[in-house]
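One letter stands for each residue in the lines below.
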Amino acid sequence: MKTQNKKFAVIIFIYLIFVSLGLCDSLQGVAWPSIHTEMKMPLDSAGILTTIMFCMSAVASVTIFRAIRKFGTGSVTFVCVITTGVALIGYSISRNFLWLVVSAIPVGLGQGGVETRLTPHVA
């Protein structure tokens, strides 16, 4: 019975991590109308940020397994989650588009790392 409770707790924890990863993408969609007005950026500049995040996510998904072999799944997942959180703080306090671009890089890397490792684990 204890093993079953532990598996259930792990699945719930992973589910919460996946939900939090979805916040990154939806945050930009909800906040961009205000951001682009405040920074006086064209509306389509959001595509640049999205492209950077997706490219960094792809880079992370290709390279993450080397880090997992060296440091373990838990450590790598923890670092990816922390990286994404810190990058989102940078995203929220940015005052210009360049800082948004810089913050989009670790957001994408963190998202890609977590998704790549946890999706097979859940499956």
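Residues numbered from 1 in each chain as written. Predicted model: local features only at pLDDT ≥ 70, side-chain atom pairs only at ≥ 80, totals over all residues. Heavy atoms only, no water.

1. Re the overall build of the protein chain
Filter applied, for reference: By definition, any uninterrupted DSSP run of H or I lasting at least four residues is a helix, any uninterrupted run of E lasting at least two residues is a strand, and each is numbered from the N terminus. Three exposure classes are used, based on accessible area relative to the maximum for each residue type with a 1.4 Å probe and protein chains only: buried under 20%, partly exposed in between, and exposed over 50%. In what follows, a contact means two residues having at least one pair of non-hydrogen atoms within 4.5 Å.
When you go through the protein chain residue by residue, the secondary structure sums to four helices and zero strands. When its helices and strands are written in sequence order, the protein chain yields α-α-α-α. Its C-alpha atoms give the protein chain principal-axis dimensions of roughly 55 × 30 × 20 Å. Within the protein chain, the fraction of its 123 residues that count as buried is 33%. Counted over contacts in the protein chain with a minimum sequence separation of 6, partners at least 24 positions apart contribute 73%.

2. Points about the packing of aromatic side chains
Stated precisely, the cut-off is as follows: For Phe, Tyr and Trp, where Trp contributes only its six-membered ring, two rings pair if their centres lie within 6.5 Å, and the inter-plane angle classes them as stacked under 30 degrees, edge-to-face over 60, or tilted in between.
One pass over the full model with this rule turns up one aromatic pair. For the pair W32 and F97, a centre-to-centre distance of 6.5 Å together with 70 degrees between the ring planes defines the contact as edge-to-face. One end of the pair, W32, is in helix 1 (residues 2-38); the other, F97, is in helix 4 (residues 97-122), and 65 residues separate them in sequence.

3. A few points about the environment of A104
Structurally, A104 is set in helix 4. Judged by relative accessible area, which is 0%, A104 ranks as buried. Not counting residues within four places of it along the chain, the set of residues in contact with A104 comprises L49, I52 and M53.

4. Some points on the side chain of S57
On the secondary structure map, S57 appears in helix 2 (residues 46-71). Discounting residues that sit within four places of it in the chain, S57 has contacts with G108, L109, Q111 and G112.

5. As for the nonpolar core
We apply this condition: Among buried residues, those of type Ala, Val, Leu, Ile, Met, Phe, Trp, Tyr and Cys that are joined through side-chain atoms within 4.5 Å constitute a nonpolar core.
Counting residues in hydrophobic clusters, the biggest one holds 15 residues, and the most contacted among them are W32, L49, F97 and L100. Top element by residues in this core is helix 4. It accounts for five residues. Filtering out sequence-adjacent residues up to four positions away, L100 remains in contact with W32, I35, M39, L49, Y91 and S94.

6. Quick word on the pattern of salt bridges
The line we're drawing: Definition used for salt bridges: Asp or Glu carboxyl oxygen within 4 Å of a side-chain nitrogen of Lys or Arg.
Applying the stated criterion to the full structure yields one salt bridge. Measuring nitrogen to oxygen at the nearest pair gives 3.7 Å for the salt bridge that ties E38 to R95. With a gap of 57 residues between them, E38 in helix 1 and R95 in the loop between helix 3 (73-93) and helix 4 connect regions that are remote in the sequence.

7. Structural notes on the confidence of the model for the protein chain
Detailed conclusions should not be drawn from predicted coordinates in areas where pLDDT is low. Threshold: Scored between 0 and 100, pLDDT is the confidence that the predictor attaches to each residue.
With 96% of its residues at a pLDDT of 70 or more, the protein chain shows a mean pLDDT of 84. When pLDDT is averaged over each element of the protein chain, helix 2 comes out on top at 91 and helix 1 at the bottom at 78.

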